[in-house]
Amino acid sequence: MNHRYEIAIQWSDEDRAFVARVPELPGCMAHGLTKRAARENIEQAIALWLDTAKESGYPIPEPRSTSALSG
């Protein structure tokens, strides 16, 4: 799955894992022991976030860019 939302991934000493977040989707975060795992997990989180927003009738923000970025 490849979304057009920006994905920011950074290491968290507190969580001892890589944390991925999507700035355009409030609260959409995931983690993984590797950057790759965090990326895979955030893709699932994005899909769930979008499905939940659609089902609840919440507006879905437009992506800021036309290509997905990752850290």
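Residue indices begin from 1 for each chain and proceed along its sequence in written order. With pLDDT at 70 or above as the cut-off, local features in this predicted model cover only qualifying residues; side-chain atom pairs require 80 or more to be listed or tallied, and sums for whole chains, interfaces and linings still use all residues. Excluded from the side-chain calculation are hydrogens and water; included are all heavy atoms of the structure.

Draft legend 1. Molecular detail of the overall build of the protein. Runs of H or I in DSSP of at least four residues are treated as helices and runs of E of at least two as strands, each being numbered from the N terminus. Across its full length, the protein carries one helix and three strands. Put simply, the protein runs from its N terminus to its C terminus through helices and strands in the order β-β-β-α. Throughout this description, buried means an accessible area under 20% of the type-specific maximum (1.4 Å probe, protein chains only), exposed means over 50%, and partly exposed covers the range between. Across the 71 residues in the protein, those meeting the buried criterion constitute 35%. Put simply, of all contacts in the protein between residues at least 6 apart along the chain, 43% involve residues at least 24 apart. A 1.4 Å probe and the Shrake-Rupley method give the accessible areas. Residues count as covered only by the protein chains that appear here. Accessible area for the protein stands at about 4,800 Å²; split by element, carbon and sulfur atoms hold 50% of it. Contacts were defined at the residue level, with two residues in contact if any of their heavy atoms lie within 4.5 Å.

Draft legend 2. Looking closely at the sheet that holds strand β3 (residues 29–32). Spatial ordering of the open sheet is given by β1-β2-β3, a layout of three strands whose pairing is antiparallel. Here the strands that pair on one side only, and so sit at the sheet edges, are β1 (8–12) and β3. On average, each strand axis in the sheet is inclined to that of its neighbour by 25°, with strand direction left out of account. Geometry is summarised by axes, namely lines fitted to C-alpha atoms with helices restricted to the contacting stretch, and by angles between N-to-C directions that run from 0 to 180 degrees. Strand contacts of helix α1 (residues 35–56): β1, β2 (17–21) and β3, with the helix running at about 150° to β3, the strand carrying the most contacts. The pairing criterion is simple: DSSP has to find at least two bridges between the two strands.

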